[in-house]
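Here's the letter readout for the chains.
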Amino acid sequence: MATLPQDPALDSAFSLLRHGYRFISGKCRTLHTDVFRTRLLLRPVVCMQGAEAARLFYEQDKFLRHGAMPARIQKTLTGVDGVQSLDGQPHRHRKHLFIRQLMSPARIEALATLHQAHWHAAMAQWPLNRRMVLFDEAQKILCQSVCAWAGIPLPASELNQRAQAFGRMIDSGARLGLAHWRGRRARKSAEQWISAEIKKTRATGPENSDSLLQAFAWHRDEQGHLLPAGVAAVELINVLRPTVAIAQFMTFSVLALHEYPYVRAPLESSHPDYLDWFVLEVRRFYPFFPFLAAYTRQAFTWQGFEFQKGMLTLLDIYGTNHDPRCWYQPDTFNPERFSNWPQDHYTLLANGGATYEHHHRCPGEWITHRLMKVMVRFLVDNLHYEIPAQDLSFSLADMPALPKSRMIIRPVAYQP
Ligand code: MYR
């Protein structure tokens with residue numbers, strides 16, 4: 001039994017800020033390991049990468065999620081007491097609500113149809129030849145689509161403000177200073193808004209509707225109690241916010257169409273699978289959520305290394321999605337790699353790994369995939385656009401990462 005390889009730096013918080021998505025894989029390369037111990041803001045932390053580490057991370061007798069997300073991420077991105085922080089039976093029970101609401105093919109199709117209609121409506125109003133910041137528009141269209149789908153009233157006059165608040169929650173967890181505090185404020189206002197909707201729904205009594213708002217308002221825990229309104233709001237926001245976050249992948253999809261123009265022909269042809277492969281490759285290749293966090297539940301040994309109980313552990317999503325042992329030439333954008341992908345649960349971690357039912361894998365993964373397909377189809381089939389000169393570079397030190405220009409397009413022709 002060996003002790004975990006140790007990062008020689010006294011503290012690596014600065015290095016994490018500097019290297020962002022590449023922090024764990026970079027250290028692993030230097031230390032010739034898949035797992036190491038480091039210190040972040042003086043706190044001991046274990047970091048790991050790769051499919052085998054992912055398999056370990058999802059063993060529920062070894063890891064717990066409760067309290068693992070840093071407070072600054074809970075106060076901005078995830079909220080407090082949401083499904084991400086539950087373990088065991090309470091997690092399974094709450095997760096079932098999400099699975100029922102988000103993973104039924106009929107519901108996903110309903111959202112996809114709405115989303116497509118919102119892209120058409122937005123484009124019908126957009127003056128041709130006027131520059132559009134695609135990331136900003138995608139956030140708004142996603143916000144409109146998901147609120148309508150969830151049964152949450154959203155007056156047109158509030159759309160910009162609500163979409164921006166979700167954007168700030170997503171953007172601020174790993175940021176310092178003002179950007180971070182804006183994210184906290186955005187979460188507070190979103191929680192107030194959605195809590196009020198939950199309370200209104202409860203005051204009116206159950207309706208004969210299958211909306212998400214109804215489902216979350218009336219969801220009962222394993223003891224048969226309604227969730228506190230604030231927790232129901234956190235959970236409903238756990239549907240709305242990540243849906244708005246798909247704008248990041250949509251933006252990278254447009255970047256990929258631009259930087260790898262060879263993908264256009266198969267996307268334009270009626271190749272039955274290419275669009276799926278393209279979307280999978282965007283989700284693998286580009287940065288999204290950087291790491292997952294959990295605590296070791298007990299002491300154990302893995303690959304000869306000794307893990308102590310109660311250690312905060314980070315699993316590298318981006319590094320695993322780019323691990324050359326899992327992916328041939330991982331830094332090449334190649335949708336066709338998915339033509340013979342065995343669909344295993346531990347190599348593509350864009351929305352987490354393992355299963356939806358028993359683990360913390362994101363139940364919105366199918367929605368993410370489907371809405372990306374809607375948007376890419378729309379761009380390819382209905383829109384002719386130019387990409388004006390702009391700064392398309394993005395930094396892997398920024399979490400979340402995004403092209404500096406937020407992807408500007410200039411629509412020149414639109415075919416409804
Ligand atoms: C969501 O809304 O849940 C999806 C957000 C995706 C991008 C978020 C990037 C956050 C960066 C901080 C994570 C640190 C984890 C330890």
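What counts and what doesn't
- Along each chain, numbering runs from 1 in the same order as the chain's sequence is written.
- Selection of residues for local features in this predicted model requires a pLDDT of at least 70, selection of side-chain atom pairs for listing and counting requires 80 or more, and totals for whole chains, interfaces and linings are taken over all residues.
- No hydrogens and no water enter the side-chain calculation; it runs on all heavy atoms of the structure.
- Per the convention used, a helix needs a DSSP run of H or I reaching at least four residues, while a strand needs a run of E reaching at least two, with both numbered from the N terminus.
- This radius of gyration counts C-alpha atoms alone. The globule rule is 2.2 Å times how many residues there are, raised to the power 0.38.
- Each residue is placed in one exposure class: buried if its accessible area under a 1.4 Å probe, protein chains only, is under 20% of its type's maximum, exposed if it is over 50%, and partly exposed if it falls in between.
- The pairing test for Phe, Tyr and Trp rings, Trp by its six-membered ring, is centres within 6.5 Å, and the orientation test on the planes gives stacked under 30 degrees, edge-to-face over 60, and tilted for anything in between.
- Ring-over charges, as used throughout, are those where CZ of Arg or NZ of Lys falls within 6 Å of the ring centre and within 35 degrees of the ring normal.
- A fitted line through C-alpha atoms represents every axis, and for helices the fit uses only the stretch in contact; the resulting angles, taken between N-to-C directions, go from 0 to 180 degrees.
- Should an angle fall under 35 degrees it is called roughly parallel, over 145 degrees roughly antiparallel, and 65 to 115 degrees roughly perpendicular, with every other angle called oblique.
- By definition, turning the near helix anticlockwise from the far helix through less than a right angle yields a left-handed crossing, and turning it clockwise yields a right-handed one.
- Whether two residues are in contact is decided by their heavy atoms, any of which lying within 4.5 Å being enough.
- Pairing between two strands is assigned when DSSP locates at least 2 bridges connecting them.
- It suffices for a single heavy atom of a residue to lie within 4 Å of a molecule or strand for the residue to be listed as near it.
- Here a polar contact means two N or O atoms within 3.5 Å. Within protein one must be a hydrogen donor candidate and the other an acceptor candidate, and residues neighboring in sequence count only if both atoms are side-chain atoms.
- Note on areas: Shrake-Rupley, 1.4 Å probe, and residue coverage restricted to the protein chains presented here.
- Helix span, expected: 1.5 Å multiplied by one less than the number of residues in the helix.
- By convention in these notes, a salt bridge is any Lys or Arg side-chain nitrogen within 4 Å of a carboxyl oxygen on Asp or Glu.

(A) Region of interest: the overall build of the chain. Within the chain, the regular secondary structure consists of 15 helices and 10 strands. For 416 residues, the compact-globule estimate of 2.2 N^0.38 gives 22 Å, and the C-alpha radius of gyration of the chain, at 21 Å, lies within 12% of that figure. Based on the C-alpha atoms only, the size of the chain along its principal axes is roughly 65 × 55 × 40 Å. Counting across all 416 residues of the chain, residues that qualify as buried make up 56%.

(B) Region of the structure containing the packing of aromatic side chains. If you walk through the whole model with that rule in mind, you get 28 aromatic pairs. Joined through ring pairs, the aromatic side chains of Phe252, Tyr260, Tyr262, Phe278, Phe285, Tyr286, Phe333 and Phe394 make up one cluster. Looking at Lys62, its charged tip hangs above the ring of Phe300, at a distance of 5.7 Å from the centre. Sitting over the ring of Trp126, Arg130 keeps its end group 4.5 Å from the ring centre.

(C) Spatial organisation of the packing of helix H8 (residues 159-172) against helix H9 (residues 177-204). Packing of H8 against H9 brings their axes to within 8 Å, and their N-to-C directions diverge by 130°. Of the possible angle classes, the one that applies to H8 and H9 is oblique. The chirality of how H8 crosses H9 is left-handed. For the pair formed by H8 and H9, the contact residues are Arg162, Ala165, Phe166, Arg168, Met169 and Ser172 on the first element and Ala179, His180, Arg182, Gly183, Ala186, Arg187, Ser189, Ala190 and Trp193 on the second.

(D) Seen up close, the packing of helix H4 (residues 71-78) against H8. Two elements in contact, H4 and H8, have axes whose closest approach is 7 Å; the angle formed by their N-to-C orientations is 160°. Comparing their axes, H8 and H4 come out roughly antiparallel. For the crossing formed where H4 meets H8, the hand is left-handed. Of the residues in H8, those in contact with Arg72, Thr76 and Leu77 of H4 are Met169, Ile170 and Ser172.

(E) Broad picture of the sheet that holds strand E3 (residues 63-64). Strand order in the open sheet formed by five strands is E1-E2-E8-E5-E3, and the pairing between neighbours is mixed. Only two strands of the sheet have a single partner each, and these edge strands are strand E1 (35-40) and E3. Note: E3 against strand E5 (residues 291-296), two bridges, orientation antiparallel. Note on E5: the bridge partner recorded for Leu64 is Tyr295. Along the sheet, helix H2 (residues 23-31) contacts E1, strand E2 (43-48), E5 and strand E8 (312-316); its crossing angle with E1, the most-contacted strand, is approximately 120°.

(F) Broad picture of the site of the ligand. The local shell around the ligand holds 13 residues, among which Ile73, Arg241, Pro242, Phe288 and Phe291 are the closest. Between an oxygen atom of the ligand and a side-chain N or O atom of Arg241, the distance comes to 2.7 Å. Isolated, the ligand exposes 490 Å² of accessible area, and the fraction of that covered by the protein chains is 92%. Going through the elements one at a time, H4 and helix H11 (229-259) are the ones with two or more residues in the shell around the ligand.

(G) Structural context of the pairing of E8. A large share of E8 lies buried, amounting to five of its five residues. Of the two faces of E8, the one lined by Leu312, Leu314 and Asp316 and the one lined by Thr313 and Leu315 are each fully buried. Pairing between E2 and E8: four bridges, direction parallel. Counterpart to Cys47 in the pairing with E8 is Leu314. As judged from the five bridges shared by E5 and E8, these two strands associate in the antiparallel manner. Across the sheet, residue Phe291 finds its bridge partner in E8, namely Asp316.

(H) Inspection of unusual backbone geometry at higher detail. The omega angle of the peptide bond from Met399 to Pro400 is 0°, so this bond is cis rather than trans. With respect to the helices, strands and loops of the structure, Pro400 is situated in the loop between strand E9 (383-386) and strand E10 (408-414). Positive phi, close to 55°, is recorded for His32, a residue that is not glycine. When you line up the elements, His32 lands in the loop between H2 and E1. For His32, a relative accessible area of 73% gives the class exposed. Positive phi, close to 40°, is recorded for Gln329, a residue that is not glycine. Along the chain, Gln329 falls in the loop between helix H14 (317-321) and helix H15 (365-382).

(I) Local environment of H15. The end-to-end C-alpha separation of H15 is 25 Å, in line with the 26 Å expected for 18 residues at 1.5 Å each. Most of H15 sits out of view: 14 of its 18 residues are buried.

(J) Geometry of the sheet that holds E10. With antiparallel pairing, three strands are arranged side by side in an open sheet as E4-E10-E9. The outermost strands of the open sheet, each flanked by one partner alone, are strand E4 (132-133) and E9. Inspection of the sheet shows E9 paired to E10 by four bridges, in the antiparallel sense. Paired with His384 across the strands is Ala413, a residue of E10. On the sheet, H15 packs against E9 and E10 and is oriented at approximately 85° with respect to E9.

(K) Examining H9 more closely. A rise of 1.5 Å per residue sets the reference length of H9, with its 28 residues, at 40 Å; its end C-alpha atoms lie 41 Å apart and thus fit the reference within 8%. Restricting attention to buried positions, one finds in H9 the residues His180, Gly183, Ala186, Arg187, Ala190, Trp193, Ile194, Ser195, Glu197, Ile198 and Thr201.

(L) Up close: the pattern of salt bridges. In the structure shown here, the tally under the stated rule is 23 salt bridges. A salt bridge links Glu109 to Arg370; the nearest nitrogen and oxygen atoms lie 2.7 Å apart. Linking Glu109 in helix H6 (residues 105-125) with Arg370 in helix H15, this pair joins segments that are 261 residues apart in sequence. Arg370 sits in the partly exposed class, given a relative accessible area of 25%. Arg283 serves as the salt-bridge partner of Glu365, at 2.6 Å between the closest nitrogen and oxygen. Of this pair, Glu365 sits in helix H15 while Arg283 sits in helix H13 (residues 274-285), placing them 82 residues apart in sequence. Arg283 matches Glu365 in its accessibility class, with the two residues each being buried.

Honestly, it's all geometry; don't read function into it.
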